[in-house]
Amino acid sequence: MRPPLRVWIWTAVTLVVAAVAVLLWRTSDVAATSSTTAPAPTVSDAAPAGEVTEAWTAPTTEEAGRVVEGGRVLVTDRHGLAMLDPATGTEAWHYRRSNAELCDATAVDGVVVAVFRTTGRCDEAVALTAATGVRSWYRNVRFRTDVDLSSTDQIVLAGSPTGVVTIDPAGDNIRWRYPPADGCRFVGWDVGSSGVVVLQRCEGSDAVQVQLLDGFGGTVIWTVDLDTAGRTARLAGADGLVDVVVGDTVQMIDPDDGTLRDPLSLPATGVDVRSEPLQQAGAAGAALLWARGTVWALDEQTGLPRWSAPAAGLPSVGEDDAVVVPEEAAFVRRSLSDGTELGRSTTTATVPAGGRTELVGPVIVYATADQVLALA
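Residues numbered from 1 in each chain as written. Predicted model: local features only at pLDDT ≥ 70, side-chain atom pairs only at ≥ 80, totals over all residues. Heavy atoms only, no water.

Caption draft 1: Expanded view of the overall build of the protein. The helix and strand tally for the protein stands at 2 helices and 32 strands. Principal-axis analysis of the C-alpha atoms places the extent of the protein at approximately 100 × 55 × 35 Å. Here the protein holds 376 residues, and 50% of them are scored as buried. For the protein, contacts bridging at least 24 residues in sequence account for 46% of all contacts bridging at least 6. Counting every atom, the protein has about 17100 Å² of accessible surface; 52% of that belongs to carbon and sulfur. (Helix = DSSP H or I, 4+ residues; strand = E, 2+ residues; numbered from the N terminus. Buried < 20%, exposed > 50% of the residue type's maximum accessible area, 1.4 Å probe, protein only. Contact = heavy atoms within 4.5 Å. Areas by Shrake-Rupley, 256 points an atom, 1.4 Å probe, with all protein chains shown as cover.)

This is the structure in structure tokens:
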């Protein structure tokens, strides 16, 4: 006997539903996401050797500031990110989206926060545990495609010329938003131990306005106008001191009350200062400023240099009263208080200019805007 008509109908409906389900799954975010996890690493407390060589190098696409978090090393690509073993460079875990593009990523407080673009805007944010790759949180956002992420303890800053937004890295909540004034645009923004700093330029004015905002509440702490006389103004950092490079001068601003400290003169350069690398980090009462081949340790209270030294990039910041300064053929351990050399690790590897140094036990990690170099 032939099956009743209703059996044929139910069979056809079942096949259609199954086909639609497969099609929806193949085009879904789940199918487009490749995500792995790993056990938390054990980090050695050994110091770098007296002579180090290149252990590995890896390309990266987004300048992430600090790239070491949770005993792993962050690298990014067009569709996501991976955390690598610092000693070998092998992938510990990754998170990638074939149907989305990575806008930017930053590492802080044990997590990696990444923003992806699936539409005309950067519209999805995710936080992943740095040590293991386990997802911490996910939320929708509405950021511009040129959004830039930076971070400090308990704060992730998303910035663009039309506004800044802060996110709690431990949760998915947006704390506050701050737009520029009417007729103005932000030309710089950063977050550090001092708070959130924005540089604002307004139509018809040669001055650049510097504003310090409370990192947690978003209230304006002070506003300072700097006369740039048509020169380029660049924000160097907001750790310890708020430093703005105007032409060949560093204007140092006290984070407590906006008082201008004595300016610091930089060596003249023949390159386009609009895109020159500038880096700053805070450590034990000092602001470490790297610019134009030199690092300065600036006292937070006075703004005066404690010491300066030639450097390829920004030194590491450790827990003790010492920093590791990258040079052309060595990584030199110096006293933070007076710059005295305490030891060095020589190398035959090429140390590119403009990077940032971090230590993971005996491994020296040196990250630039487009690559990460590990030496051991």
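Caption draft 2: How the structure looks around the pattern of salt bridges. One pass over the structure, following the stated rule, counts 15 salt bridges. The residue Arg96 makes a salt bridge to Asp77 at a minimum N-O spacing of 2.8 Å. Of this pair, Arg96 sits in strand S6 (residues 91-97) while Asp77 sits in strand S4 (residues 72-77), placing them 19 residues apart in sequence. With a relative accessible area of 26%, Arg96 lands in the partly exposed category. (Salt bridge = Lys/Arg side-chain N within 4 Å of Asp/Glu carboxyl O.)

Caption draft 3: Structural context of the state of the cysteines. Tallying each qualifying case throughout the model produces 2 disulfides. The disulfide partner of Cys103 is Cys122, and the S-S distance across this bridge is 2.0 Å. Residues Cys103 and Cys122 share a disulfide whose torsion about the S-S bond is about -100 degrees; that sign makes it left-handed. Remark: Cys122 occurs in strand S9 (residues 122-129) and Cys103 occurs in strand S7 (residues 101-108); sequence separation between them is 19 residues. With respect to class, Cys103 is no different from Cys122; both count as buried. One disulfide bridge connects Cys184 with Cys202, the sulfur atoms lying 1.9 Å from each other. Between Cys184 and Cys202, the S-S torsion sits near 100 degrees, and that sign places the bridge as right-handed. Separated by 18 residues along the polypeptide, Cys184 in strand S15 (residues 184-192) and Cys202 in strand S16 (residues 195-202) bring together distant segments of the chain. Using a relative accessible area of 12% as the deciding quantity, one classes Cys184 as buried. (Disulfide = S-S within 2.5 Å.)

Caption draft 4: Up close: the nonpolar core. One finds Leu81, Trp93 and Val365 to be the most contacted residues of the largest nonpolar core, which totals 31 residues. At 4 residues, the largest contribution of residues to this core is made by strand S5 (residues 80-84). Once you skip the residues sitting within four places of it in the chain, Trp93 turns out to touch Thr36, Thr37, Ala38, Leu81, Ala82, Met83, Leu128, Thr129, Ala130, Ala131, Thr132 and Gly133. Grouped together as the second largest cluster of nonpolar side chains are 18 residues, Cys103, Val111, Val156 and Ile167 included. (Core = buried A, V, L, I, M, F, W, Y, C linked by side-chain atoms within 4.5 Å.)

Caption draft 5: Structural context of the side chain of Asp243. When you line up the elements, Asp243 lands in strand S20 (residues 242-246). Of the buried charged residues, Asp243 lacks a salt bridge, with Arg261 as the closest side chain of opposite charge at 9.2 Å. (Lys, Arg positive; Asp, Glu negative; His and termini not counted.)

Caption draft 6: Focus on unusual backbone geometry. Unusually for a residue other than glycine, Asp109 sits at a positive phi of about 55 degrees. Phi at Gln154 takes a positive value of approximately 70 degrees, unusual for a residue other than glycine. By the secondary structure assignment, Gln154 is in the loop between strand S11 (148-152) and strand S12 (155-160).

Caption draft 7: Broad picture of the packing of aromatic side chains. Throughout the structure, instances matching the rule amount to 3 aromatic pairs. A centroid spacing of 6.3 Å and a plane angle of 10 degrees characterise the contact between Tyr178 and Phe186, whose relative ring orientation is stacked. We classify Tyr178 as buried; its relative accessible area is 19%. For the ring pair Phe331 and Tyr366, a centre distance of 6.1 Å and an interplane angle of 70 degrees mean the geometry is edge-to-face. (Phe/Tyr/Trp six-rings, centres within 6.5 Å; stacked < 30°, edge-to-face > 60°.)

Caption draft 8: Here's a closer look at the sheet that holds strand S19 (residues 233-237). Taken together, 4 strands build an open sheet; the order of strands is S19-S20-S21-S22 and the sheet is antiparallel. Two strands bound the open sheet, and with one partner strand each, they are S19 and strand S22 (264-265). Relative to S20, S19 runs antiparallel, the two sharing 4 bridges. Within S20, the residue paired with Gly237 across the bridge is Asp243. (Pairing = 2+ DSSP bridges.)

Caption draft 9: Representation of the pairing of S9 within the structure. Burial within S9 is extensive, with 7 of its 8 residues counted as buried. One ladder, built from 7 bridges, connects strand S8 (residues 111-117) with S9; its direction is antiparallel. Bridge pairing in S9 links Val111 to Thr129. Connecting S8 to the next strand, S9, in antiparallel fashion are 4 residues.

Caption draft 10: Examining the pairing of S15 more closely. For S15, a buried count of 7 out of 9 residues is recorded, marking the element as mostly surrounded by other parts of the structure. Two strands pair when backbone bridges link them, and S15 and S16 are joined in this way by 8 bridges, in the antiparallel orientation. Paired with Asp190 across the bridge in S16 is Val197.

Caption draft 11: Highlighting the environment of Val250. Along the polypeptide, Val250 turns up in strand S21 (residues 249-253). For Val250, a relative accessible area of 0% puts it in the buried group. Sequence spacing of Val250 and Val220 is 30 residues, and the spatial spacing of their C-alpha atoms is 23 Å.

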